[in-house]
Amino acid sequence: MNDAAKIGIVAIGRNEGERFKACLKSLIGSSSRIVYVDSGSTDGSVEFAQKHGAAVVELSAEIAFTASRARNAGFALLREKWPDTEFVMFIDGDCVLSGDFIDAALSKMIAAPHLGIVTGRCRERYPDATIYNRLCEVEWNGPLGEIDACGGIFVVRTRAFEEVDGFNPAIIAAEDDDFCIRVRELGYLIIRIDTDMCFHDADIHRFSQWWRRMVRAGHAYAQLSEIHDGYFAGQRRRAWLWGLILPSLALIGVPFSSGLSLLIFLLYPLSFIRTRQGLIKAGNKNQHATLAAVFLTLSKFPNLKGMIEYRIKKLKSREIGIVEYK
């Protein structure tokens, strides 16, 4: 246990079932300070957490469920029960913690007070189960060393979390990017170390689930662009260009160009080749890079859909609720 280092763990989940059971079991040996935050599960997760000694927060459905809201609630209870906690590990309920990560992260943070966040390598637990799980495995393969932002699984210095007032509960996707931006604005560094941090179970089996996940990403691009000017600018430009502008020019131009405007669609395989080369250069295997490049090329369409859906919700003053894909 890492009690001497005063680290607590906050796990969040919603109907993760057996995945959450595996998650919680992986946490028990790393700290006795464990909080589980449940967002309306009906699968017995709350009872399982209580049975295994975790402190539990059950979020009310009267307010929209978001990962931000869950993590903030978990942090609050952790500090209430253990006010001397100096570091907090956040993890999602569909992940299993690697036994070596917390010690590796703490050794970095204790030696360097300017480090606000330390993350590690996230792996897919069953990368060959579906092509969509394999896509997630490629997605998690981020750069090492100092980084601008990371996903919502990491160790954070308690002081840094409190100084930025936690996560923004109004953000339903990419809340971790927003959090990291604000942490860096205070002068803290964020690093990814070359240590396995967790094993994630995407559990995506259908194209429709992948599509919805990409819609969610587009939603995030639009929402964060309002909060942090210029953030996700490249992703938004590519979604408009490849998802709407080029297809529209190709089709609208048919009667004026004797069909030659359809040659615009040849830009898509060229984009695929360029994306694949970049993924291989980043260290991905050829076959994995090929798969990821295909779906990254396709992703501009659901990304654009998510961006437009967000704008429509804003215009109609509708609630910006969670976008689920499982």
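Everything that follows concerns the structure shown earlier in this document.
Residues numbered from 1 in each chain as written. Predicted model: local features only at pLDDT ≥ 70, side-chain atom pairs only at ≥ 80, totals over all residues. Heavy atoms only, no water.

Along helix α4 (residues 101-111), the residues classified as buried are Phe101, Ile102, Ala104, Ala105, Leu106 and Met109. Structurally, α4 contributes buried residues whose contacts are with β1 (7-13), β4 (87-92), β5 (95-97), β6 (115-124), β8 (154-157) and β9 (189-200). (Buried < 20%, exposed > 50% of the residue type's maximum accessible area, 1.4 Å probe, protein only. Helix = DSSP H or I, 4+ residues; strand = E, 2+ residues; numbered from the N terminus. Contact = heavy atoms within 4.5 Å.)

Tracing the sequence through the fold places His228 in the loop between α8 (207-227) and α9 (233-252). In this structure His228 comes out as buried when scored by relative accessible area, which is 13%. Setting aside its immediate chain neighbours within four residues, His228 contacts Asp178, Ile181 and Arg182.

The buried count for β6 comes to nine of 10 residues, which makes it a mostly enclosed element. Judged from the two bridges that link them, β6 and β8 form a sheet pairing that is antiparallel. Considered in β8, the bridge of Ile117 is made with Val156. (Pairing = 2+ DSSP bridges.)

Considering all chains together, one arrives at 21 aromatic pairs under this definition. Their ring planes at 25 degrees and their centres at 5.6 Å tell us that Phe90 and Phe161 sit as a pair that is stacked. Placement of Phe90 in strand β4 and of Phe161 in helix α6 (residues 158-163) is noted, with a sequence separation of 71 residues between them. An aromatic cluster of at least three residues, connected via ring pairs, comprises Phe75, Phe90, Phe154, Phe161, Phe167 and Phe179. Above the plane of the ring of Trp82 lies Lys81, whose end atom (NZ or CZ) is 5.3 Å from the centre. (Phe/Tyr/Trp six-rings, centres within 6.5 Å; stacked < 30°, edge-to-face > 60°. Lys NZ or Arg CZ within 6 Å of the ring centre and 35° of its normal.)

Function cannot be read off these values alone, since they describe shape.
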